[in-house]
Amino acid sequence: MRDCDISSSRISSQSLKYLTISGTMFPGISRRRTRISAPSLVWLQLTDNTTPPLLESMPSLVKAFVRLNDAVAYCGKEEFGGSCSDDSCDNCADDGRLTEDCILLKGLSKAESLELVSKPGEFIFKRDLNWCPLFSNLKTLLLNEWCVEIDFDALICFLEHTPVLEKLTLQLCQAPENWVEPRGFYIPSKKPFASNKLKVVEIKCREFDERVHQISRLLSIYNACIEQINIQWFARSSQCYSFQTHPDDQQ
């Protein structure tokens, strides 16, 4: 589905295996967020949709790519995630009611490979991290700038909830204009890297980026098992994200 409006409270299929939704608006019904129920889904792509849908459990999911660009999912009442105090806010609540639950991440939590891309400051991923699920099958993870804002809290949260992670890729496509080096690193009550299988970390950036040094230092301090931290530079004309083709094209 591309470039359309979906005015439905629920999309449901027991047999659907591949799903792409791009450039689509989900106005919802009676201020309730559209839900997607697809327990047999193995491949998912959600890109540039207005008002992202709520994903229900997808136990068969293998790969997913989610990009949030200019999503209308930020009410302005909470700057750094969480929910506002208005129980009728359909941006903060999952279905028009104030709720302590994930919109996207819980439904993606069984995937083996994830790419989660967002502009810095977008709301949904940060909100979901307040109730971050365990990604028990996740082996490869790609994140971009949004996860290294504000002392790298989002990045550390993922590393605390990915017990079998083998490869982490950070794509820093745009250096911040006024980045301030953190005064100190977050010191967790337990080792933040849940996985002892994480061996390779790739950091990709287009130009000199002061965050690269801090990220490398963070990874070195908190995980002695990493064998490689690869820093790659790429041209501005290069495609920034790899997971933007249909699975049939990857054969």
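Residues numbered from 1 in each chain as written. Predicted model: local features only at pLDDT ≥ 70, side-chain atom pairs only at ≥ 80, totals over all residues. Heavy atoms only, no water.

Chemist: Help me understand the pattern of salt bridges in this model?
Modeler: Evaluated as defined, the whole model comprises 6 salt bridges. The partner of Arg 35 in a salt bridge is Glu 56, and the shortest N-O contact between them spans 3.5 Å. Residue Arg 35 is located in strand S3 (residues 35–37), and its partner Glu 56 is located in the loop between strand S5 (54–55) and strand S6 (63–68); the two are separated by 21 residues in the primary sequence. Its relative accessible area of 22% is what places Arg 35 among the partly exposed residues. (Salt bridge = Lys/Arg side-chain N within 4 Å of Asp/Glu carboxyl O. Helix = DSSP H or I, 4+ residues; strand = E, 2+ residues; numbered from the N terminus. Buried < 20%, exposed > 50% of the residue type's maximum accessible area, 1.4 Å probe, protein only.)

Chemist: Explanation requested: the environment of Lys 199 in the structure shown.
Modeler: Here Lys 199 is to be found in the loop between strand S9 (167–172) and strand S10 (200–205). Among the residues examined, Lys 199 registers a relative accessible area of 30% and is labelled partly exposed. For the pair Lys 199 and Leu 165, spaced 34 residues apart in the sequence, the C-alpha separation amounts to 8.8 Å. With residues near it in sequence (within four places) discarded, Lys 199 still touches Glu 166, Cys 225, Ile 226, Glu 227 and Gln 228. (Contact = heavy atoms within 4.5 Å.)

Chemist: What am I meant to see in the sheet that holds strand S2 (residues 18–22) here?
Modeler: Note: strands within a sheet are paired through backbone hydrogen bonds, in either parallel or antiparallel orientation. Read from one edge of the open sheet, 8 strands run S2-S4-S6-S7-S8-S9-S10-S11, paired in parallel fashion. Because the sheet does not close on itself, it has two edges, and the strands there are S2 and strand S11 (228–233). Each strand axis lies, on average, 10° off the axis of its neighbour in the sheet, ignoring direction. Pairing between S6 and strand S7 (residues 113–118): 6 bridges, direction parallel. Paired with Lys 63 across the strands is Ser 113, a residue of S7. (Pairing = 2+ DSSP bridges. Axes fitted to C-alpha atoms, helices over the stretch in contact; angles between N-to-C directions.)

Chemist: In this structure, what is going on with the pairing of S2? I would like to understand it.
Modeler: Looking along a regular strand, one sees the side chains alternate between the two faces of the sheet. Among the 5 residues of S2, 4 are classified as buried, and the element is accordingly described as predominantly covered. The pairing of S2 with strand S4 (residues 43–47) spans 5 bridges and is classified as parallel. In the strand pairing of S4, Leu 19 is matched with Leu 44.

Chemist: Explain the pairing of S9 to me, please; I cannot follow it from the model alone.
Modeler: Counted residue by residue, S9 has 5 buried out of 6 residues, so it is predominantly covered. Bridging between strand S8 (residues 140–144) and S9 involves 5 bridges; their strand directions are parallel. Directly across from Leu 141, in S9, lies its bridge partner Leu 168.

Chemist: Looking at this structure, I do not really get a nonpolar patch on the surface. What am I missing?
Modeler: Residues Phe 208, Ile 229, Ile 231 and Trp 233 make up a contiguous nonpolar surface patch of roughly 440 Å² in combined accessible area. Take Ile 229: it is sitting in strand S11. A relative accessible area of 30% places Ile 229 in the partly exposed class. (Patch = residues over 30% accessible without salt bridge, like charges linked within 9 Å, V, L, I, M, F, W, Y side chains within 5 Å. Areas by Shrake-Rupley, 256 points an atom, 1.4 Å probe, with all protein chains shown as cover.)

Chemist: What exactly am I supposed to notice about helix H3 (residues 153–160) here?
Modeler: Side chains three or four residues apart in an α-helix point the same way, a direct result of the helix having 3.6 residues per turn. Burial within H3 is extensive, with 6 of its 8 residues counted as buried. Buried within H3 we find Ala 154, Leu 155, Ile 156, Cys 157, Phe 158 and Leu 159. Buried residues belonging to H3 abut helix H1 (105–108), S7, S8, S9 and helix H4 (210–222).

Chemist: Explanation requested: the sheet that holds S3 in the structure shown.
Modeler: Taking strand neighbours across the sheet as the criterion, the 3 strands line up as S1-S3-S5 in an open arrangement whose pairing is parallel. Edge positions in the open sheet fall to strand S1 (10–12) and S5, since each of these has one partner strand only. Bridge count between S3 and S5: 2 bridges; the pairing is parallel. From the neighbouring strand, Ile 36 faces S5, where its bridge partner is Leu 55.

Chemist: I would appreciate a short explanation of the side chain of Thr 169 in the present structure.
Modeler: Positionally, Thr 169 belongs in strand S9. Using a relative accessible area of 7% as the deciding quantity, one classes Thr 169 as buried. For Thr 169, the residues in contact, after removing those within four places along its chain, are Leu 141, Leu 142, Leu 143, Glu 202 and Lys 204.

Chemist: In this structure, what is going on with the packing of aromatic side chains? I would like to understand it.
Modeler: The geometry of two aromatic rings is summed up by the distance between their centres and the angle between their planes. By the definition in use, this model includes 3 aromatic pairs. For the ring pair Trp 146 and Phe 158, a centre distance of 6.0 Å and an interplane angle of 75° mean the geometry is edge-to-face. Highlighted residues: Trp 146 in the loop between S8 and H3 and Phe 158 in helix H3, separated in sequence by 12 residues. For the pair Trp 146 and Phe 158, one class covers both residues: buried. (Phe/Tyr/Trp six-rings, centres within 6.5 Å; stacked < 30°, edge-to-face > 60°.)

Chemist: Got a minute to help me understand the nonpolar core in this structure?
Modeler: Among soluble globular proteins, nonpolar side chains are generally buried collectively. Counting 55 residues, the largest nonpolar core has Leu 44, Leu 108 and Leu 116 as its most contacted members. Counting residues per element, this core draws most heavily on H3, at 6 residues. Here Leu 108 is in contact with Leu 44, Leu 55, Leu 61, Ala 64, Val 66, Leu 114, Leu 116 and Phe 135, once residues within four sequence places are set aside. (Core = buried A, V, L, I, M, F, W, Y, C linked by side-chain atoms within 4.5 Å.)

Everything listed here is a matter of geometry and, on its own, says nothing about what the molecule does.
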